[in-house]
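Here is what each chain is made of, one letter per residue.
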Amino acid sequence: MEILISVIVGILFMSATYLMLSKSLLRIIIGTAILSHGAHLLILTMGGLKRGAAPLLGESASSYSDPLPQALILTAIVIAFGVTAFFLVLAYRAYQELGTDNMDKLRGNEGND
Amino acid sequence: MSLLHLAIISPFLLAILVPIAYKLFRQIHTGWFVLPLPILLFSYFISYLSITSDQQSVTKSFSWIPALGIDFAAKVDGLGLLFALLISGIGSLVVLYSIYYLDKNKEQLNTFYVYLLLFMGAMLGVVLSDNLIVLYTFWEFTSFSSFLLIGYWYHREKSRYGAQKSMIITVFGGLSMLGGIILLYLMTGTFSISEIIAGSDEIFSHSLFVPALLCFLIGAFTKSAQFPFHIWLPDAMEAPTPVSAYLHSATMVKAGIYLVARMSPVFAEHSLWLWLIAGFGITTLFWGSFSAVKQTDLKAILAFSTVSQLGMIMSLLGIGAAALHFETVDDSYFTVATTAAVFHLINHATFKGSLFMVAGIVDHETGTRDIRKLGGLMNFMPITFTLAVIGTFSMAGLPPFNGFLSKEMFFTGMVRVLEMDIFNLDTWGFLFPVLAWVASVFTFIYSMILVFKTFTGKFQPEQLEKKPHEAPIGMLISPIILASLVIIIGFFPNIIANTLISPAQAAIMPVEGYVYDTHIYFWHGFTPELFMTLGVITLGILLFVTLPKWRRVYDFLPEKLALNRFYDSGLSGIQHVAHKFTKWYMNGSIRNYLVYIFTFFIITLLSVLFLKGAFKFDASNVSAIRFSEIVLALVIAIGAITIMFVKSRLTSIILLGAVGYTVALFFVLFRAPDLALTQLVIETISVALFLLCFYHLPQIKDEERMPFKATNAVISIGVGLVITLIAFSAHSNKLFDSISQYYIDNTYEKAAGKNMVNVILVDFRGFDTMFEITVLAIAALGIFGMIKLRLGGGKKNENK
């Protein structure tokens, strides 16, 4: 299972990188969102998968899944959302102000940066 | 920490107080607060004369960076004390002079005196340190305080240019010297100058000996403005005249000479030392005096004259090194060159200091330093004229002034080169006396130009900005003291012979159990030196009188300031190339920057992974896969790959949502209920947000084409591969035990919660969560600001 997820993580990172290298601002944002999915899965895989019950003491199981990566990911999901939302609004406003979301045109002016 | 250390750092301490004094007592010239310190230091150093005149030394030391073997060792010996007396003595006179030179209502006196004090302290540190690293630290300090002083009138373009030039050249030399220091450390294992000198015999044949020697010489030559590094000194004349008198004639430029003298016991036995120092010195002497004749600015003449005189002292030190190879001959026979070097060093400080002050007075009282506009000032400024005559005649080597004595001694040293038969001196050595004599003729000519073009001839009041009159008495005190010294040393040279010169010589060429004894005679009989002097005077007068006729010689020279050309074009060339290069890779495209970042990421991670043997693949400890999981994995993979190629924005948003929800499902499978819940909520909101933005973005019909890009594909496949390999290795390597067990065991006992993830977030790592909330709040504020505030450009849109 870990091997499979590692490959999936790789695919997610590949897709994210490709999207981030493109010109369109929206695709770049989608890229960052996919990148965070990949990172979350990576953290979870590092801790080992399916090694016991859900980390709830009420389960009274003999072993539990590693709770620490889950706590880290929970934080990361929320932060990623904040960043994505911020990016989106930034892109939206940039589009409104500048009339383009093509990164090749958003280079800053010579002597004005 | 001893009194000696306190003396060295006292200028730095006073520099802290100067701005306060300046603010509190605006009515009093700040110089008066500074003046007592150099006087105090001078009298303090005088007290060491009793020790050094026995050719002994005192060392006081305290640990500075013991881990690196660096002690702040302060050593007073004949050489160090001579310089310390020059620094504090000339320093006192210069501060006094500056009080009258700089107007307290017009100038930024606080910064001026802070810089000056920084310099004074740094210079004392250079000449009194016995540790090379400490010496180097102070050495660079002199470079940048000199930079600040040259650029003191920073609103002038030329000041900034001169400051930058001196900084670049002297700091370049300083770095080279640092290299030499490190090489010496590699050979000897110590930074202490005394210890290095004690063990210098053993390193003589070391393979690093010659590189170290060259490094030190570059440091000394740049600092002391030796050819071809002399170009910074004339431009440094943009500094206020008191600074020129202090730094650029008497003290800082002599730091290079000090370094050569100080390191002589280490390097002097090598033939390169003799040839390079004597060769560059004599070239500088000739070139400096030759160039001085064509200058029209008083300070420019003095600058080139300083260059040439420094070359003269340098060449004497080089020739003096030959004495180490002759032990049988009478000791003072070949060491006379070193004696002359030390003697002339003192003399040069006296006459050149007074001449700079005279030039400053002329500038101050007439408003110009151009000798073509000046003339006939003798009647208006009789005292200044007298001072100028004393200074220039001494510089030209005329009796009865001190310059005559050291110039004679200089000739003696150079003539005796003819009798040396080592290092091929018997073949090319004759060039030394010849060049020395020719240079002396030019020295004579520019000395005469300096005094007669300024003070005699036709008075041209219409050319001057101010009506000339004699300087105030305060401004005259300092040059009068220096000029008196010129005469006193000229008549009674032996008062300094065994108090200052012999001790310094003992430090330059220490011989076990030998006490140097110097006697300077006014009259040697009809020696070759005397005839050389007479020849200089005769030919000098002749050429001075006929100067307008042969002045055109200078026009035939290949591009008059070729070295400056080289410096300027080199500097702008470097800037140009750097600019081009930066423009080439910083082209403003985010995509390019990301390409650099990702490429770097791939290369570093891959190389670490394989060079360090960190890659490991171990499939034994894996959990089982069920069919449903394979299906989910395929969904993610297909979604992620398709999203790369779809053109429509709407489709990519939907695919993003699909990937996100599948990840949430994976969380369910991986026994992470909290994650799954959060992910579902967040994913829903995210997709809604994306769609909202998508809806609001106008002109969606204008979807650009997305041609497949091979570079992008290669880079993204590389990133994916690296991450997969890292994930494999992370799974297969278990370097440490997990700390998770602690949380599992203590969740209930310490935090009384049963949901471990929640307890970790709000309890064990509560601060993390708090800051996470802060981040969200900041993002929310940012979003609110962007949407609601519409700063600047927003109005433009409304107007449309």
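Residues numbered from 1 in each chain as written. Chains lettered and ligands numbered in written order. Predicted model: local features only at pLDDT ≥ 70, side-chain atom pairs only at ≥ 80, totals over all residues.

(A) The overall build of chain B, seen in detail. A count of helical and extended segments in chain B gives 36 helices and 2 strands. By principal-axis analysis of the C-alpha atoms, chain B measures approximately 115 × 70 × 55 Å. Within chain B, buried positions represent 48% of all 800 residues. Across chain B, contacts joining residues at least 24 apart in sequence account for 77% of those joining residues at least 6 apart. (Helix = DSSP H or I, 4+ residues; strand = E, 2+ residues; numbered from the N terminus. Buried ≥ 20, exposed ≤ 12 C-beta atoms within 10 Å, placed from the backbone. Contact = placed C-beta atoms within 7 Å.)

(B) The domain arrangement of chain B, seen in detail. In terms of domain boundaries, chain B breaks down into domain 1 (1–267), domain 2 (271–510), domain 3 (551–581) and domain 4 (742–800). Spacing between the C-alpha centres of domain 2 of chain B and domain 3 of chain B amounts to 29 Å. (Domains from an automatic or database assignment.)

(C) Seen up close, the packing of helix H30 (residues 649–669) of chain B against helix H31 (residues 673–696) of chain B. Residue and element names in this part refer to chain B. It is at 8 Å that the axes of H30 and H31 come closest, and there the two elements cross at 175°. Taken together, the axes of H30 and H31 are roughly antiparallel relative to one another. Between H30 and H31, the contacting residues are Arg649, Leu650, Ile653, Gly657, Gly660, Tyr661, Val663, Ala664, Phe667 and Val668 on the first element and Leu675, Ala676, Gln679, Leu680, Glu683, Ser686, Val687, Phe690, Leu691 and Phe694 on the second. Looking at the contact of H30 with H31, its residues break down into 14 nonpolar, 4 polar and 2 charged. (Axes fitted to C-alpha atoms, helices over the stretch in contact; angles between N-to-C directions. Parallel < 35°, antiparallel > 145°, perpendicular 65-115°, else oblique. Nonpolar A, V, L, I, M, F, W, Y, C, P; charged D, E, K, R; others polar.)

(D) Representation of the interface of chain B and chain A. In this complex, chain B contributes 84 residues to the contact, which on the side of chain A involves 74 residues. For the side of chain B that touches chain A, the element with the highest residue contribution is helix H32 (residues 710–732) of chain B, accounting for 14 residues. Grouping the constituent residues of the side of chain B that touches chain A by class yields 52 nonpolar, 22 polar and 10 charged.

(E) Quick peek at the nonpolar core. By size, the foremost hydrophobic cluster in this structure holds 206 residues, and its most contacted members are Leu117 and Leu149 of chain B. Taken domain by domain, this core gets at least three of its residues from each of domain 1 (1–267) and domain 2 (271–510) of chain B. In this view, Leu149 of chain B contacts Tyr115, Leu116, Phe119, Ala239, Val243 and Leu247 of chain B; residues no more than four positions away in its chain are not counted. Core analysis: the next-biggest nonpolar cluster, separate from the first, contains 71 residues, Ile8 of chain A together with Leu656, Ile723 and Val759 of chain B among them. (Core = buried A, V, L, I, M, F, W, Y, C linked by C-beta atoms within 7 Å.)

(F) Seen up close, H31 of chain B. Between its terminal C-alpha atoms H31 of chain B stretches 35 Å, which fits the 34 Å expected from 24 residues at 1.5 Å a residue. Among all positions of H31 of chain B, only Asp674, Leu675, Thr678, Gln679, Glu683, Ser686, Phe690 and Cys693 of chain B are buried. Each element contacted by the buried residues of H31 of chain B is listed here: helix H2 (25–46) and helix H3 (67–98) of chain A together with H30 and helix H34 (756–764) of chain B. (Expected span 1.5 Å × (residues − 1).)

(G) Representation of unusual backbone geometry in the model. Residues and elements named next belong to chain B. Backbone torsion omega between Phe227 and Pro228 reads 0°, so that peptide bond is classified as cis. With respect to the helices, strands and loops of the structure, Pro228 is situated in the loop between helix H11 (209–223) and helix H12 (232–235). The amide bond that connects Pro399 to the next residue, Pro400, takes the cis arrangement and shows omega of 5°. Along the chain, the position of Pro400 falls in the loop between helix H18 (382–396) and helix H19 (402–416). Of note in the backbone geometry, Arg671 takes a positive phi value of approximately 60° without being a glycine. Tracing the sequence through the fold places Arg671 in the loop between H30 and H31. Positioned with a positive phi, Ala752 is a non-glycine residue whose angle comes to about 55°.

(H) Examining the confidence of the model for chain A more closely. For chain A, the mean per-residue pLDDT works out to 84, and 93% of the residues sit at or above 70. When pLDDT is averaged over each element of chain A, helix H1 (residues 2–20) of chain A comes out on top at 92 and H3 of chain A at the bottom at 88. (pLDDT = per-residue confidence, 0-100.)

(I) Focus on the environment of Arg626 of chain B. Here Arg626 of chain B is to be found in the loop between helix H28 (590–611) and helix H29 (627–645). With 467 residues separating them along the chain, Arg626 of chain B and Ser159 of chain B place their C-alpha atoms 79 Å apart.

(J) Representation of helix H7 (residues 132–150) of chain B in the model. Here H7 of chain B contains 19 residues, and its C-alpha end-to-end distance of 27 Å stays within 8% of the 27 Å for a straight helix at 1.5 Å per residue. Within H7 of chain B, 15 of the 19 residues are buried, which leaves the element mostly enclosed by the surrounding structure.

(K) Representation of the pairing of strand S1 (residues 58–65) of chain B within the structure. Residues and elements named next belong to chain B. Where S1 lies against strand S2 (residues 70–76), 7 bridges are found, and the strand directions are antiparallel. Across the sheet, Ile65 pairs through a bridge with Ile70, a residue of S2. The hairpin turn running from S1 into S2, its antiparallel successor, is 4 residues long, and Gly69 in that turn takes a positive phi close to 70°. (Pairing = 2+ DSSP bridges.)

(L) Inspection of the environment of Leu81 of chain B at higher detail. Position of Leu81 of chain B relative to the elements: it lies in helix H5 (residues 78–101). Look past the residues within four positions of Leu81 of chain B in its chain and what remains in contact with it is Phe45, Tyr48, Thr52 and Val76 of chain B.

(M) Just the confidence of the model for chain B, in detail. Residues and elements named next belong to chain B. With 95% of its residues at a pLDDT of at least 70, chain B reaches an overall mean of 85. Low confidence marks residues 794–800, where pLDDT is under 50. Its contacts with residues over four positions away, or in another chain, come to 1 contact. Prediction confidence for the complex, expressed as pTM and ipTM, is 0.76 and 0.92 respectively.

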